[in-house]
Every structure is written in structure tokens, then in C-alpha cells.
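Summary of the model geometry
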Amino acid sequence: DAGVIQSPRHEVTEMGQEVTLRCKPISGHNSLFWYRQTMMRGLELLIYFNNNVPIDDSGMPEDRFSAKMPNASFSTLKIQPSEPRDSAVYFCASRLRLARTGELFFGEGSRLTVL
Amino acid sequence: SQQGEEDPQALSIQEGENATMNCSYKTSINNLQWYRQNSGRGLVHLILIRSNEREKHSGRLRVTLDTSKKSSSLLITASRAADTASYFCATESTGNQFYFGTGTSLTVIP
């Protein structure tokens, strides 16, 4: 398996632009998580899905952020409009819920810079 | 915030020495996990300990869990330069949320 695949790996955009980050979880996994990592705030849980349904989005910082999971093999995190303080590395992770090990498998992240 | 705290924030040791990192958390948990992150990469799972376990070993890793104190420790024995990375604890609650600690940056000097 190729693991969790995120795109783009790097994005530089200007304030006010729309940003869409993409994630393909590991095939067969039924839970998907979006995290944001910054030096100041560490790893923050933004939202997670079980069986494509958003369960907890309390970590989404503002209405400018939205996430979707239209099917089991694809999720998006959208920021519209983007602001400089959104600059961070965004990680997607997936797992097989109720699996004995319970571990999360992370993608390599999308590094976002908003100028 | 439900994030845990890790201590120390940074640790520098000589190759061959042991490295100990501590994690404290705030809520009841189902399990606690430790992850490693190399610079510029995603996190990689190391070991999981369930709430009814007190100690677990995996190779050079030893994890302890004290649920009464809401704390855990990760011991890496006989460290190697390749162990240089950031290490994070993560707690899983009954709601399936995973919350990560602030991380410990480990440098192993050859």
C-alpha cells in the first residue's frame, strides 16, 4: 500500500485566495483525521470522520475552514479566504477504527504558506 | 485544550545513553500512543499502551503508564544517532479523538 497520500506537498499563496488540500487515506481505513502543526500550537486536531461522516469539527478554527469526505478514498480541507496565520503544515491521518493496534497512519503533510 | 504536555521540550544525549521523555494528559483515556516525527516528515507510530496496562516493551522502547497521575514515560535505551527526531504522545479518548502532546525534540550526538 502507498500509505496516506496528501497533495500538494507545498503551497504558497496570497492572502485572500482559496486553498484546497487533498488526502487519500489507506484503502480499507474508515477513520480519517485532519491536523494542523505549527511551532506555537503544536499538533491541533481540526476534524475527524468515521465512515465518511464528520464526527467532531470543534477544532476547526473558523468558518473559513471546511472539510469534506465525499467517499471512503478522498477528503479535502478547504480554506477560503486564506490568511497569513493559516500558514502551517496540515496533516491527514487514517486508521481502521477498532483495529487492535489503533494506530494512526500519517501522510507526509501539506506545507502551506500564505503571504 | 485537551493536548498533553511533554517534558522535556528538548533533550540532547550522547549515542549509547538512554533517553527518557515524559507525557502528562488531562482526561480519561482508552489508550496512549507514542509517535516519532523526523524533520519535514509525517508522524510514525511507535507503540501503544492501553489504559489497563502499566508497562510495555518493544525492542529498545519501554513505555509506562500511570492513569492515577495521568502520565506516561517513553524510554529509549542505547540511543543511536538515527533516533534523532521529535517524539509525541497521543491520547485516545472514548470519543475516538486523538490529541497529541507538545513533543520532545531528541538529539543524539554520535
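Notes on the structure in this doc start here. Just so it is clear, the structure is predicted and the values come from calculations on it, not from any experiment.

We now examine the overall build of chain A. Broken down by element type, chain A carries zero helices and 11 strands. Of the regular secondary structure in chain A, the N- to C-terminal order runs β-β-β-β-β-β-β-β-β-β-β. Its C-alpha atoms give chain A a radius of gyration of 13 Å, within 12% of the compact-globule value 13 Å for 115 residues. Taking the principal axes of the C-alpha coordinates as reference, chain A spans close to 40 × 25 × 25 Å. Residues classed as buried in chain A amount to 48% of the 115 residues present. Taking the intrachain contacts of chain A between residues at least 6 apart in sequence as the baseline, contacts between residues at least 24 apart amount to 54%.

Moving on to the state of the cysteines. All told, the structure shown has two disulfides over all chains when counted by the stated rule. Note that Cys-23 of chain A is cross-linked by a disulfide to Cys-92 of chain A, the S-S spacing being 1.9 Å. Judged by the sign of its S-S torsion, about -65 degrees, the cystine formed by Cys-23 of chain A and Cys-92 of chain A is left-handed. Here the residue Cys-23 of chain A occupies a position in strand β3 (residues 19-24), and Cys-92 of chain A occupies one in strand β9 (residues 88-95), the gap between them amounting to 69 residues. One disulfide in the model links Cys-23 of chain B with Cys-89 of chain B; its S-S distance is 2.0 Å. Judged by the sign of its S-S torsion, about 70 degrees, the bond between Cys-23 of chain B and Cys-89 of chain B is right-handed.

It is worth spelling out the interface of chain A and chain B at this point. Residue-level contacts link 24 residues of chain A with 19 residues of chain B. Sorting the residues of chain A by area buried against chain B places Leu-43, Phe-106 and Glu-108 of chain A first, and these three jointly supply 28% of that buried surface. Inspection of the region where chain A meets chain B yields two salt bridges. The partner of Glu-108 of chain A in a salt bridge is Arg-41 of chain B, and the shortest N-O contact between them spans 2.7 Å. Between chain A and chain B we count eight residue pairs in polar contact (both at pLDDT 80 or more) in total. Listed by contribution, the elements that provide at least two residues to the side of chain A that touches chain B are β4 (31-38), β5 (42-50) and β9 of chain A.

Next up on the list: the environment of Ala-88 of chain A. Residue and element names in this part refer to chain A. Along the chain, the position of Ala-88 falls in strand β9. Judged by its relative accessible area of 7%, Ala-88 is buried. Measuring from C-alpha to C-alpha, the distance between Ala-88 and Met-39 comes to 8.6 Å, with 49 residues separating the pair along the chain. Setting aside chain neighbours within four positions, we find Ala-88 in contact with Arg-36, Gln-37, Thr-38, Ser-110, Arg-111 and Leu-112.

Moving on, we come to the packing of aromatic side chains. All chains considered together, the criterion is met by nine aromatic pairs over all chains. An aromatic cluster is defined as three or more aromatic residues linked by ring pairs; in this entry it consists of Phe-33, Tyr-35, Tyr-48, Phe-91 and Phe-106 of chain A together with Tyr-35, Phe-98 and Phe-100 of chain B.

Turning our attention to the sheet that holds strand β1 (residues 5-7) of chain B. All names here are of chain B. Taken together, five strands build an open sheet; the order of strands is β1-β3-β8-β7-β6 and the sheet is antiparallel. Looking at the sheet topology across the chains shown, the edges are occupied by β1 and β6 (55-58). Within the sheet, the average angular offset between the axes of one strand and its neighbour, ignoring direction, is 15 degrees. Pairing between strand β7 (residues 61-66) and strand β8 (residues 71-76): six bridges, direction antiparallel. Looking across to β8, one finds that Arg-62 is bridged to Leu-75.

Residues and elements named next belong to chain B. Here Thr-64 lies in strand β7. A distance of 2.5 Å separates polar atoms of two side chains, one belonging to Thr-64 and the other to Ser-73. In contact with Thr-64, not counting residues within four places along its chain, are Ile-49, Arg-54, Glu-55, Ser-71, Ser-72 and Ser-73.

Conventions we followed
Residues numbered from 1 in each chain as written. Chains lettered and ligands numbered in written order. Predicted model: local features only at pLDDT ≥ 70, side-chain atom pairs only at ≥ 80, totals over all residues. Heavy atoms only, no water. Helix = DSSP H or I, 4+ residues; strand = E, 2+ residues; numbered from the N terminus. Rg over C-alpha atoms; globule rule 2.2 N^0.38 Å. Buried < 20%, exposed > 50% of the residue type's maximum accessible area, 1.4 Å probe, protein only. Contact = heavy atoms within 4.5 Å. Disulfide = S-S within 2.5 Å. Buried area = accessible area lost by both parts, 1.4 Å probe. Salt bridge = Lys/Arg side-chain N within 4 Å of Asp/Glu carboxyl O. Polar contact = N/O pair within 3.5 Å; in protein donor to acceptor, adjacent residues only side chain to side chain. Phe/Tyr/Trp six-rings, centres within 6.5 Å; stacked < 30°, edge-to-face > 60°. Pairing = 2+ DSSP bridges. Axes fitted to C-alpha atoms, helices over the stretch in contact; angles between N-to-C directions.

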